[in-house]
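Each chain, written out:
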Amino acid sequence: MRNNTLFRGMILVGKLTIDGVWKIGSASRFMFYVICRSGMTVRRPRLLLDEIYFAGALSLIIIIVSGLFVGLVLGLQGYETLKRYGSAEAVGTLVALSLVRELGPVVAALLFASRAGSAMTAKIGIMKSTEQLSAMEMMAVDPYSRVVTPMFWGGFFSMPLLAAIFSAMGIFGGYLITVVVIGVDGGAFWSQMQASVDFQGDILNGIYKSVVFGFAVNAIALFEGFDCLPTAEGVSRAVTRTVVTSALAVLALDFVLTAFMFTGA
Amino acid sequence: MQRGTVDIWVGIFVTVGFLGLLFLALKVGSANNFSVSDGYVVSAEFDNIGGLKVKAPVKSAGVVVGRVDRIVFNNSTLRATVTIRLGRQFEFPKDSSVSILTAGLLGEQYIGLDGGGDIDLLVNGDKILLTQSAMVLEKVIGQFLFNKASESGKKN
């Protein structure tokens, strides 16, 4: 009776549920600590600057290059399709709206998670497994406020800027391919774009999205690093989990935010 | 890492980021459109608004002069009451007329505002009396077929 499949299945479900709740609880407590101990970041802005350099400035190249290429592809594909309906000038609207509303925040967040998020997890995980964090505590240095908090705020600050750079580069790429290479009228390209992109409805909502994604990706990356098993394999698994979980979280959050922002009215 | 290098790169990153935001706000967004909250409100009643939506443009002589603020169904007259917000800098005579038009064959619907000849101007809360409803394709086709049928009826 105790060994039948249903019984074992129930045990598995129960264990997974308890593990999940446990993890959500400790992640929330972790974020609560991080936000409570943010004072150090204000007192020592040097730490924050280092992290903005690490998370933001070093991500510039990948963001600029991928933004440009996404814009080029969008422009090319949009032009090929819109040409059939004789409205090739609307390609500006297409590129701008898809970048500002969706692709900018989402792709920038995915790139950020795989470039900066994974590095954050690895850094904290290795500090944990080589007992550097414990050593700090022994010296009465709080590892939260010295290591984790500046990382969090650095990434949180960088994310919306990276998303904006991505969108701007993408629109520039769309301009390059359609106006400069293919020869769509430049005036119509910009004026149709300006007529249909709303600052509040489209651009600000895109920025709000990237702020939410920045919070989620940084929280996941730091928590996974802090939570990992202090072994080589534990760190490598934590890095993998960071990338997978942040990608899923970004896509799911994007759906929820889009449902709230762009429906109705 | 040298302090100076970090500072320079963070400086470059933040500057480029804000330049990107500025580009989005000024070049991509509709910075030249007046804000919707600014201006005065007039209303008009239509028999049928077709596919008109809130925030649709109000154009006079092809220039955007306002936006549709609210669309409600008036149960006492069984017509649609459309509230329009016009920019403060635009002034129209009291006997102006509004009609619901379509941009292109498949385009969005918008409100066309034609100025009248009255000396008095529209002010906040006024009601525009001369309205023309949206063209509904089925009705137009129906009317066309009806005319054709009556024409051929006369010939016989």
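About the thresholds
- Residues numbered from 1 in each chain as written.
- Chains lettered and ligands numbered in written order.
- Predicted model: local features only at pLDDT ≥ 70, side-chain atom pairs only at ≥ 80, totals over all residues.
- Heavy atoms only, no water.
- Helix = DSSP H or I, 4+ residues; strand = E, 2+ residues; numbered from the N terminus.
- Rg over C-alpha atoms; globule rule 2.2 N^0.38 Å.
- Buried < 20%, exposed > 50% of the residue type's maximum accessible area, 1.4 Å probe, protein only.
- Contact = heavy atoms within 4.5 Å.
- Areas by Shrake-Rupley, 256 points an atom, 1.4 Å probe, with all protein chains shown as cover.
- Lys, Arg positive; Asp, Glu negative; His and termini not counted.
- Charge placed at Lys NZ, Arg CZ, Asp CG, Glu CD.
- Pairing = 2+ DSSP bridges.
- Patch = residues over 30% accessible without salt bridge, like charges linked within 9 Å, V, L, I, M, F, W, Y side chains within 5 Å.
- Salt bridge = Lys/Arg side-chain N within 4 Å of Asp/Glu carboxyl O.
- Phe/Tyr/Trp six-rings, centres within 6.5 Å; stacked < 30°, edge-to-face > 60°.
- Lys NZ or Arg CZ within 6 Å of the ring centre and 35° of its normal.
- Axes fitted to C-alpha atoms, helices over the stretch in contact; angles between N-to-C directions.
- Left-handed = near helix turned anticlockwise from the far one by under 90°.
- Nonpolar A, V, L, I, M, F, W, Y, C, P; charged D, E, K, R; others polar.
- Buried area = accessible area lost by both parts, 1.4 Å probe.
- Polar contact = N/O pair within 3.5 Å; in protein donor to acceptor, adjacent residues only side chain to side chain.

Caption draft 1: The overall build of chain B, seen in detail. In terms of helices and strands, chain B carries two helices and eight strands. Helices (α) and strands (β) of chain B occur, in sequence order from the N terminus, as α-β-β-β-β-β-β-β-β-α. What you see for chain B is a C-alpha radius of gyration of 24 Å, clearly larger than the 15 Å of a compact globule of 156 residues, by over 25%. Seen through its principal axes, chain B has C-alpha atoms that stretch 100 × 40 × 30 Å. Here chain B, with 156 residues, has 33% of them falling under the buried criterion. For chain B, the proportion of contacts with a sequence separation of at least 24, taken over those separated by at least 6, is 64%. With the model as given, the accessible surface of chain B reaches about 9,700 Å², and the carbon-plus-sulfur share is 59%. In chain B, which carries 16 positive and 14 negative side-chain charges, the distance between the mean positions of the two groups comes to 7 Å.

Caption draft 2: Spotlight on the sheet that holds strand β2 (residues 57-60) of chain B. All names here are of chain B. Here we have eight strands laid out as an open sheet, ordered β7-β1-β4-β3-β2-β6-β5-β8, and mixed in their pairing. Both edges of this open sheet fall to β7 (127-128) and β8 (130-132), since each of them pairs with a single strand only. Pairing of β2 with strand β6 (residues 109-114) involves two bridges; the strand directions are parallel. Note that in β6 the partner of K59 across the bridge is G112.

Caption draft 3: How the structure looks around the environment of B:V64. Mapped onto the fold, B:V64 is located in strand β3 (residues 63-74). Looking at B:V64, the relative accessible area reads 30%, which means it is partly exposed.

Caption draft 4: Just the pairing of β2(B), in detail. Residues and elements named next belong to chain B. Bridge count between β2 and β3: four bridges; the pairing is antiparallel. Bridge assignment links V58 to a residue of β3, and that residue is G66. Counted along the chain from β2 to the antiparallel partner β3, the turn is two residues long, and its residue A61 has a positive phi close to 55°.

Caption draft 5: Examining a nonpolar patch on the surface more closely. Residues and elements named next belong to chain B. There is a patch of nonpolar side chains on the surface, built from M135, L137, V140, I141, F144 and L145 and spanning about 610 Å² of accessible area. Mapped onto the secondary structure, L137 falls in helix α2 (residues 137-155). Residue class for L137 comes out exposed when judged on its relative accessible area of 53%.

Caption draft 6: Layout of the packing of aromatic side chains. Summed over the entire model, instances satisfying the criterion amount to 14 aromatic pairs over all chains. A network of ring pairs unites the aromatic residues A:F30, A:Y33, A:Y144, A:F223 and A:F226 as a single cluster. Positioned above the aromatic ring of B:Y110 is the side chain of B:K59, whose terminal nitrogen or guanidinium carbon lies 4.6 Å from the ring centre.

Caption draft 7: The arrangement of unusual backbone geometry in detail. All names here are of chain B. We note that A61 has phi near 55°; this positive angle belongs to a residue other than glycine. Take A61: it is sitting in the loop between β2 and β3. By relative accessible area, which is 80% here, A61 ends up exposed. The residue L78 is not glycine, and still its phi comes out positive at about 60°. With respect to the helices, strands and loops of the structure, L78 is situated in the loop between β3 and β4 (79-86). Classification of L78 as exposed rests on a relative accessible area of 57%.

Caption draft 8: Geometry of the packing of helix α4 (residues 60-83) of chain A against helix α5 (residues 91-129) of chain A. All names here are of chain A. Two numbers describe how α4 lies on α5: the axes approach to 10 Å, and their chain directions differ by 145°. The hand of the α4/α5 crossing is right-handed. Packed against α4, whose contacting residues are I62, I63, S66, V70, L74, G75, G78, Y79 and L82, the element α5 presents V91, L94, V95, S98, L99, L103, A108, L111 and R115 at the interface. In terms of residue class, the contact of α4 with α5 is made up of 13 nonpolar, four polar and one charged.

Caption draft 9: Molecular detail of the interface of chain A and chain B. On the chain B side, the residues contacting the 27 residues of chain A number 23 residues. Across the interface of chain A and chain B, roughly 2,300 Å² is buried in total on both sides, 76% from carbon and sulfur atoms. Per-residue buried area on chain A facing chain B is highest for A:Y53, A:L161 and A:Q194; these three make up 25% of the total on that side. If you look at where chain A meets chain B, you find one salt bridge. Counting across the chain A and chain B interface gives two residue pairs in polar contact (both at pLDDT 80 or more). By residue number, the principal contributor to the side of chain A that touches chain B is helix α7 (residues 143-182) of chain A, which donates nine residues. For the side of chain A that touches chain B, a count of residues per class yields 20 nonpolar, four polar and three charged.

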